[in-house]
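Working through the structure, step by step
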Amino acid sequence: MADNEDRTEGARFAASVPQRHEPFPLKGCGALDWGMQSRLARVFRPDTRRTVMLAIDHGYFQGPTTGLERVDLSIVPLLPWADALMTTRGMIRSTIPPASRVPVVLRASGGPSILKELSDEQLAVGMEDAARVNACAVAVQVFIGGEHETQSVRNMTRLVDAGQRYGIPVLAVTAVGKELTRDARYLRLATRICAELGAHFVKTYYCERDFDTVAAACPVPLVMAGGRKLPERDALTMAYHALSCGAAGVDMGRNIFQSDTPQAMIRAVGAVVHESLKPEDAYDRYLRG
Ligand code: R5P
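What this report covers is the structure whose coordinates are included nearby.

Calculation notes
- Residues numbered from 1 in each chain as written.
- Predicted model: local features only at pLDDT ≥ 70, side-chain atom pairs only at ≥ 80, totals over all residues.
- Heavy atoms only, no water.
- Patch = residues over 30% accessible without salt bridge, like charges linked within 9 Å, V, L, I, M, F, W, Y side chains within 5 Å.
- Areas by Shrake-Rupley, 256 points an atom, 1.4 Å probe, with all protein chains shown as cover.
- Salt bridge = Lys/Arg side-chain N within 4 Å of Asp/Glu carboxyl O.
- Helix = DSSP H or I, 4+ residues; strand = E, 2+ residues; numbered from the N terminus.
- Near = heavy atom within 4 Å.
- Polar contact = N/O pair within 3.5 Å; in protein donor to acceptor, adjacent residues only side chain to side chain.
- Phe/Tyr/Trp six-rings, centres within 6.5 Å; stacked < 30°, edge-to-face > 60°.
- Buried < 20%, exposed > 50% of the residue type's maximum accessible area, 1.4 Å probe, protein only.
- Lys NZ or Arg CZ within 6 Å of the ring centre and 35° of its normal.
- Pairing = 2+ DSSP bridges.
- Axes fitted to C-alpha atoms, helices over the stretch in contact; angles between N-to-C directions.
- Contact = heavy atoms within 4.5 Å.
- Expected span 1.5 Å × (residues − 1).
- Arc of directions from axis to C-beta.
- Lys, Arg positive; Asp, Glu negative; His and termini not counted.

Before going further, it helps to examine a nonpolar patch on the surface. A cluster of nonpolar side chains, contributed by Ile 114, Leu 115 and Leu 118, occupies part of the molecular surface with about 310 Å² of accessible area. When you line up the elements, Leu 115 lands in the loop between strand S4 (109-110) and strand S5 (122-123).

Structure (structure tokens):
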């Protein structure tokens, strides 16, 4: 046994140097357990503390969405440019290559299809299974002002309790029904409720007026939802403004995978998020591919 044969006393104690300890400096996460911080440091790039999440979980309530008919063909080639992939356990196990090493944000709520009342969701994944697929976070829809508001909040708080046990962060996805106005006042309300009740980060839509107040009032990181497909220049501009107002990244789906050139688009989005590239320059980069 080499250790027993050569046991010398160590001398490099550096007794006068205070021990270093560097918690992951992400908004609101300083008091989280090590596992939580470690997982968040996989979703949010440590050098910029921002993220480009690619959202492809649409099938969980609306089936094979345009652009997601064949995830193996349309999405897997984009994974090298995604900081994290928001998807379902079915898609992970059937289609996402484990060797891609992409951190997964696992969709953990569901139930109703587009044919029914969407806010009537339940938890759809246990935390143990989230750990089994190596999820770096789990995502749950929260319908503030929706018909099943309390039930969806309860889904989130149950998931947070389970996440705390396993060290897996929870992403609250604030859903906006057709009847609700996406203004700063509503978004402040929805995102703050999610954070107060334990969500570790929150996904929210962008609003043109006062989005900085939404970000400021939310004590944990906000990621901007993409929403319906926009012209590429507009989507890049929206992302730029959201980040300038304090968002910590984007969680975009259709604006990436429904683009004419998804690979160029995800790279342009990445340049906005991680290099703070201005919208015109990012669009130019998109055009150059
Ligand atoms: C909606 O609430 C879900 O989270 C979506 O399935 C998805 O994440 C939305 O992405 P996008 O609106 O950018 O296509």
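Around the ligand there are 14 residues in total, and His 58, Gln 141, Lys 203, Gly 253 and Arg 254 lie nearest to it. Within the contact set of the ligand, an oxygen atom lies 3.1 Å away from a side-chain nitrogen or oxygen of Arg 107. Here Gly 227 contributes a backbone N or O atom positioned 2.9 Å from an oxygen atom of the ligand. Within the complex, 95% of the 370 Å² of free accessible area of the ligand lies under protein.

Two numbers describe a pair of aromatic rings. These are the distance of the centres and the angle of the planes. Per the counting criterion, the structure on display carries four aromatic pairs. Ring centres 5.0 Å apart and planes at 55° place the aromatic pair Tyr 206 and Phe 211 in the tilted group. Residue classification places Tyr 206 among the buried positions, given a relative accessible area of 15%. Lying across the ring of Tyr 205, Arg 182 places its NZ or CZ 4.0 Å from the centre.

A barrel is described by the order of its strands in space; here eight strands give the closed sequence S1-S2-S3-S6-S7-S8-S9-S10, paired in parallel fashion. Going across the sheet, the axis of each strand differs from the next one's by a mean of 25°, ignoring polarity. Against the sheet, helix H2 (residues 34-43) engages strand S1 (51-55), strand S2 (84-87), strand S3 (104-107), strand S6 (135-142) and strand S8 (201-204), with an angle of about 85° to S6. Sheet strands in contact with helix H7 (residues 149-166) are S6 and strand S7 (170-174), and its direction is about 160° off that of S6.

This part is about helix H8 (residues 184-196). Taking 1.5 Å of rise per residue, 13 residues should cover 18 Å, and H8 covers 18 Å from first to last C-alpha, within 8% of that figure. Taken residue by residue, H8 has Ala 184, Tyr 186, Leu 187, Ala 190, Thr 191, Cys 194 and Ala 195 as its buried positions. Buried positions in H8, seen along its axis, are confined to an arc of 160° and lie on one side of it. Of the residues in H8, the exposed ones pointing more than 90 degrees away from the buried face are Arg 185 and Glu 196.

This part takes up unusual backbone geometry. With a phi close to 45°, Ala 14 is a non-glycine residue in the positive phi region. Within the secondary structure layout, Ala 14 lies in the loop between helix H1 (2-5) and H2. Look at Ala 14 and you get partly exposed, because its relative accessible area is 46%.

Before going further, it helps to spend a moment on the pattern of salt bridges. Close approach of charged atoms allows side chains with opposite charge to pair. This model, assessed by the stated rule, comprises 13 salt bridges. One salt bridge connects Asp 129 with Arg 132, and the closest N-O pair in it is separated by 2.8 Å. Pair noted here: Asp 129 and Arg 132 are both in helix H6 (residues 127-132), with a separation of three residues, about one helical turn. The buried category is assigned to Asp 129, whose relative accessible area is 10%. The partner of Lys 203 in a salt bridge is Asp 251, with the nearest N and O atoms 3.0 Å apart. Residue Lys 203 is found in strand S8, and its partner Asp 251 is found in strand S10 (residues 249-252); the two are separated by 48 residues along the sequence. In this structure, Lys 203 and Asp 251 share a single accessibility class: buried.

Further remarks concern the pairing of S10. Burial along S10 is two-sided: Gly 249 and Asp 251 facing one way and Val 250 and Met 252 facing the other are all buried. In terms of strand pairing, S1 meets S10 through four bridges, oriented parallel. Bridge pairing links Met 53 to Asp 251 in S10. Here strand S9 (residues 222-225) runs beside S10; their pairing, made up of two bridges, is parallel. Across the sheet, Met 224 pairs through a bridge with Val 250, a residue of S10.

Mapped onto the elements of the fold, Arg 50 is located in the loop between H2 and S1. Although buried, Arg 50 forms no salt bridge, and the nearest oppositely charged side chain, Asp 83, lies 9.9 Å from it. Of the polar contacts made by the side chain of Arg 50, one reaches the backbone oxygen of Val 273; its length is 2.9 Å. A distance of 3.4 Å separates a polar atom in the side chain of Arg 50 from a polar atom in the side chain of Ser 276. Setting aside residues no more than four positions away along its own chain, Arg 50 makes contact with Val 43, Phe 44, Arg 45, Asp 83, Leu 243, Ala 247, Ala 248, Val 272, Val 273, His 274 and Ser 276.

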